[in-house]
Amino acid sequence: MKEETYLIEGMTCASCSAAVERVTRKLPGVERSDVNLATNRMVICYDETQVNPDKIKAKVEKAGFGIKEYEEPLKRVEKALPREENDPEEAQIKDAKHRLIGAFVFAIPLFYIAMGHMVPGGTPLPELLSMDKYPTNFAVIQLILTIPVLYFGRSFYLKGFKTLLHGNPNMDSLVAIGTTSAFFYSLVMTFMIPLDMKYAHQLYYESAAMVVALVMFGKYLEKNSKKKTKGAIKKLMELTPDTAILKTTSGEREVSVEELSLGDIVIVKPGARLPMDGRVVGGESSVNEAMLTGESVPVEKALGDEVIGGSINYNGVMEVEITRTGADTTLAKIIKMMEDAQGKKAPISKIADRVAGIFVPVVITIALVAAIVWLLMGQDISFALNVFVSVLVIACPCALGLATPTAIMVGTGLGASNGILVRSGEALEQAHKIDAIVLDKTGTITEGKPKVTEIISDKMEKRELLRLAASVERASEHPLAKAVVAEAEKEGLELEKTESFVSLTGMGVKAKLLYGSELLVGSRRLFEENKIDLTAYEASMERLSGMGQTPMLVAIDGEVAGIVSVADVMKETSREAIERMKSFGLKVYMLTGDNRKAAEYIGTQAGVDEIIAEVLPDDKAKVVEDLQNQGKRVMMVGDGINDAPALVQADVGCAIGSGSDVAIDSGDIVLMKSDLRDVAKAIRLSRLTITNIKQNLFWAFFYNSIGIPVAAGALYLVNGMLLSPMIGGFAMSLSSVCVVTNALRLRTKRL
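These numbers come from a predicted model, not from an experiment.

Here we look at the overall build of the protein
Counting secondary structure elements, the protein contains 27 helices and 26 strands. For the protein, the C-alpha atoms occupy an extent of roughly 125 × 65 × 60 Å along the three principal directions. Among the 751 residues that make up the protein, the fraction classed as buried is 53%. Once local pairs closer than 6 in sequence are excluded, the contacts in the protein between residues at least 24 apart make up 69%.

Focus: the pattern of salt bridges
A complete count under the given rule lists 32 salt bridges for this structure. Salt-bridge contacts for Lys459 lead to Asp458; the nearest nitrogen and oxygen are separated by 3.5 Å. For Asp458, a relative accessible area of 55% corresponds to the exposed category. Here Arg467 and Glu464 are joined by a salt bridge, their closest N and O atoms 2.9 Å apart. Here the residue Arg467 and the residue Glu464 both occupy positions in helix 17 (residues 462-473), the gap between them amounting to three residues, near one helical turn. With relative accessibility at 29%, the residue Glu464 sits in the partly exposed group. Salt bridges linked by common partners bring Glu3, Glu21, Arg25, Arg32 and Asp34 together as one network.

Some points on the packing of helix 1 (residues 14-25) against helix 12 (residues 350-376)
It is the contact of helix 1 with helix 12, at a shortest axis distance of 8 Å, that shows an interaxial angle of 100°. By the angle between their axes, helix 1 is roughly perpendicular relative to helix 12. Seen from helix 1, the contacting residues are Ala14, Ser15, Ala18, Glu21 and Arg22; seen from helix 12, they are Asp353, Ala356, Gly357, Phe359 and Val360. Taken together, the residues of the contact of helix 1 with helix 12 break down into five nonpolar, two polar and three charged.

Looking at the packing of aromatic side chains
We describe a pair of aromatic rings using the distance from one ring centre to the other and the angle between the two ring planes. On inspection of all chains with the given rule, the structure shows twelve aromatic pairs. An aromatic cluster of three or more residues is present, and its members are Phe106, Tyr151 and Phe152. Looking at Arg41, its charged tip hangs above the ring of Tyr70, at a distance of 4.9 Å from the centre. The ring centre of Tyr199 lies 5.5 Å from the NZ or CZ of Lys198, which sits over that ring.

Focus on the UniProt feature "transmembrane region" (unreviewed entry) in the protein
The feature "transmembrane region" (unreviewed entry), as annotated in UniProt, sits at residues 100-119, 134-153, 174-197, 203-221, 355-377, 383-403, 697-717 and 723-744 in this numbering. A distance of 29 Å separates the end C-alpha atoms of residues 134-153, which is 90% helix and 0% strand. Along residues 203-221, the helical share is 89% and the strand share 0%, with 29 Å between the first and last C-alpha atoms.

A look at helix 18 (residues 479-490)
Taking 1.5 Å of rise per residue, the twelve residues of helix 18 would be expected to cover 16 Å, and the 16 Å separating its terminal C-alpha atoms lies within 8% of that figure. Listing the buried residues of helix 18 in full gives Leu480, Ala481, Ala483, Val484, Val485, Glu487 and Ala488. On the buried face of helix 18, the contacting elements are strand 16 (451-456), helix 17, strand 20 (550-556) and strand 21 (559-567). A positive backbone phi angle near 75° is found at Gly492, which sits one or two residues after helix 18.

Things to note about a positive patch on the surface
Taken together, the side chains of Arg22, Lys26, Lys59 and Lys62 present a region of like positive charge at the surface. Counting through the fold element by element, Lys62 comes out in helix 2 (residues 53-62).

A few points about the packing of helix 13 (residues 381-394) against helix 27 (residues 725-744)
Between two packed helices, what matters for the description is the angle formed by their axes and the separation of those axes. Relative to each other, helix 13 and helix 27 sit at 5°, their axes nearing to 8 Å. Accordingly, the angle class assigned to the pair helix 13 and helix 27 is roughly parallel. Together, Asn386, Val389, Ser390, Val393 and Ile394 of helix 13 and Pro725, Gly728, Gly729 and Met732 of helix 27 make up the contact between the two elements. A per-class count over the contact of helix 13 with helix 27 returns five nonpolar, four polar and no charged.

Focus: the pairing of strand 13 (residues 318-324)
Two elements, strand 7 (residues 265-268) and strand 13, share four bridges in a ladder whose sense is antiparallel. Bridge pairing in strand 13 links Ile267 to Glu319. Relative to strand 13, strand 8 (residues 277-282) is paired through five bridges, and the arrangement is antiparallel. Note that in strand 13 the partner of Val280 across the bridge is Val320.

A word on a nonpolar patch on the surface
A grouping of Val369, Val373, Met377, Leu717 and Val718 is seen on the molecular surface, where their side chains present a nonpolar patch of about 500 Å² in accessible area. If you list the elements that add at least two residues to the nonpolar patch, you get helix 12 and helix 26 (714-719). For Leu717, the location among the structural elements is in helix 26.

Here's the deal with the nonpolar core
Judged by nonpolar contacts, the single largest core of 150 residues is most densely connected at Met42, Ile437, Met635, Ile669, Leu676 and Val679. The element that contributes the greatest number of residues to this core is helix 25 (residues 677-711), accounting for 13 residues. Counting residues in hydrophobic clusters, the runner-up holds 30 residues, among them Ala436, Tyr589, Val634 and Ala650.

Scoring rules and cut-offs
- Every residue gets a number counted from 1 within its own chain, in the order that chain's sequence is written.
- A pLDDT threshold of at least 70 governs which residues receive local features in this predicted model, and a stricter bar of 80 or more applies before side-chain atom pairs are shown or counted, although totals over entire chains, interfaces and linings include all residues.
- To obtain the side-chain values, all non-hydrogen atoms of the structure were used and water was disregarded.
- Only DSSP runs of H or I with at least four residues qualify as helices, and only runs of E with at least two residues qualify as strands; both kinds are numbered from the N terminus onward.
- Note on classification: 1.4 Å probe, protein chains only; a residue is buried when its accessible area is under 20% of the maximum for its type, exposed when over 50%, partly exposed between these limits.
- Contacts were defined at the residue level, with two residues in contact if any of their heavy atoms lie within 4.5 Å.
- Between Lys or Arg on one side and Asp or Glu on the other, a salt bridge is scored when a side-chain nitrogen of the former is within 4 Å of a carboxyl oxygen of the latter.
- Note on definitions: angles span 0 to 180 degrees between N-to-C directions of axes, and those axes are lines fitted to C-alpha atoms, for helices only across the stretch in contact.
- In what follows, roughly perpendicular refers to angles from 65 to 115 degrees, roughly parallel to angles under 35, roughly antiparallel to angles over 145, and oblique to any angle outside these ranges.
- Three classes are used, and their members are as follows: Ala, Val, Leu, Ile, Met, Phe, Trp, Tyr, Cys and Pro are nonpolar, Asp, Glu, Lys and Arg are charged, and the others, Gly among them, are polar.
- Classification of ring pairs uses Phe, Tyr and Trp, with its six-membered ring standing for Trp, and accepts pairs whose centres are within 6.5 Å; under 30 degrees between planes counts as stacked, over 60 as edge-to-face, and the remaining range as tilted.
- Only lysine NZ and arginine CZ atoms are considered, and such an atom sits over a ring when it is within 6 Å of the ring centre and within 35 degrees of the ring normal.
- UniProt positions are given in the numbering used here, feature names are shortened, and annotations may be inferred rather than shown by experiment.
- Multiply 1.5 Å by the residue count of a helix minus one, and that product is the helix's expected span.
- For patch detection, residues must exceed 30% relative accessible area and be free of salt bridges, and they are connected within 9 Å for like charges or within 5 Å for nonpolar side chains (Val, Leu, Ile, Met, Phe, Trp, Tyr).
- Note on areas: these come from Shrake-Rupley sampling with a 1.4 Å probe, and a residue is covered only by the protein chains present in the view.
- When charges are counted, Lys and Arg are positive and Asp and Glu negative, with His and the chain ends excluded.
- For charged residues, the charge sits on one atom: NZ in Lys, CZ in Arg, CG in Asp, CD in Glu.
- If DSSP finds at least two bridges between two strands, the strands pair.
- What is meant by a nonpolar core is a set of buried Ala, Val, Leu, Ile, Met, Phe, Trp, Tyr and Cys residues, joined one to another through side-chain atoms within 4.5 Å.

Okay, here's the thing in structure tokens:
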């Protein structure tokens, strides 16, 4: 199976996207075809042995739409192309603006002439245009003013009739049929005026022209609003600088970012953006990674630290070795993930898709039936035409099609600005349904790397004991040894040199200092084998072990000198994060391979509801499955590498990482910071987005369920009120704008 993305041209409403889905899904070998109206993209998965791109393109073109291969914007990240030049979307908006202005230049005087006589006392008009004295002039001037308006709105007719002829009518078809009917009816009445001037009262030029102008106005506002929903990706793309300062053997020179390759050394000055991911090989500084990770506090970077392309250097000059370029960079992967998320549909959109698929044919049928019924009830053709046109132009499948994708686009953008990356609309939807969260302990609740937590000695100063232990452990590669050395370096202690060093697997280390003392650092077993009395420290060892810590005994010349205790400590924010999860009504589980006693200590500190300890890495997915079998919808939160099977098994997999090291491919949701509070933010993001989608869908369905009956003349039966096609066209235009504007409200929310 092959998955490809195409850009579909000529779509104007949900009926269009539904038509493209319908014709492509009928192709043999097509497993899935999803069309996103907000992004104009089609993602299609097919069997290459049964269908090929040429057949797919031919099918779409036959349905009346344009199609071309979608070129991902990652090339802008790779090549640092100008952001605004030749932007097709910007060009479309400018063209729409010019046509809109042209349409209103003619539509406003037309409306003034046509409707002026209905104002009490009338409106000033030259006598030559008087409806009573010169009805033919009155009609002809309206005809002359209407033709340019229809020309500026010609896309409705070109697209509308084209899709109608191909059997896939859309919103443009509704506007085209309605306004064409009004125009040609008025044209016939114009020729009838010399026979009887009463026909001057049955002109609908202003309705045809104003409907076109108002719908154009709505589409222009919609285009502008839709562009804003894509703002998050655009901002991310603009993070890559166009140039960088390359360090060479002959000095420094400014080069285009696209010229950089792996291993190049670049100079990053204060205020400059890092061009690509890299590693600091000279200098130190603080770096602002807010746009990428949501971390507002600048991050200190020193020799050997990883830096992310697109982040801003604050104060010092750094030399950075490029470690990732192009599509491999963190920024490129984030943009790709957001593109994918915004291109995929959420399950909640299926209802709207089904309605949109049959919407336009149903509306045309309703319009025809309503017109015929009124004729049979004794109304004249003018009345029936008013009803027919009003029903056609008030119907709006656009709002249905935009309800879900616009909210998802804004929601994923809001998430990205907070360091929360969502892989798909489905993940965003599923997250609001979960009722159980399983948290991996190591690296998720805890720091993931051991630290010295306590030093105990009745023989010497604690700093001295730490210094001696670190002097011995300096030659070891064990994580616990590194923790001891790191603590000594943090305290600024000067370490002793050793003349011999032996690593005793599973027990500890043995070394001799230059001044002659022999040191042992390690476990109870090492000391028992060397027959060293531990009586004085038994109680401390028992206490530390019960707290989930690892007590490392230190002996000098065969006599125990004290304990350096090491543990993987809980993150400062973990308890606060878990309390917020529980406030959402979620049950929180902690999953770990640690022994029960150590797990219970951390679990109690963190405030989780239930502790699942002594679980082998391979069995984590089974634990998640067992919870699902109990009817729970589970989110698994882990570091995204050793928790991969459990992340996949969960209803929503949430990979928690930090910066460029994050395992972006591991979870449905990726948290760029190692902060558990972002899990709660991700859930709130999901809830806000789904609420917004439901509001949009309600508005779209409510609008049409009320608007169509009113346009069909329901109120006329009650109070004699008949809806004007102009009002219907204006209301239809605003319905789409309301849906997109409501989606944009998400940008103002705090997670």
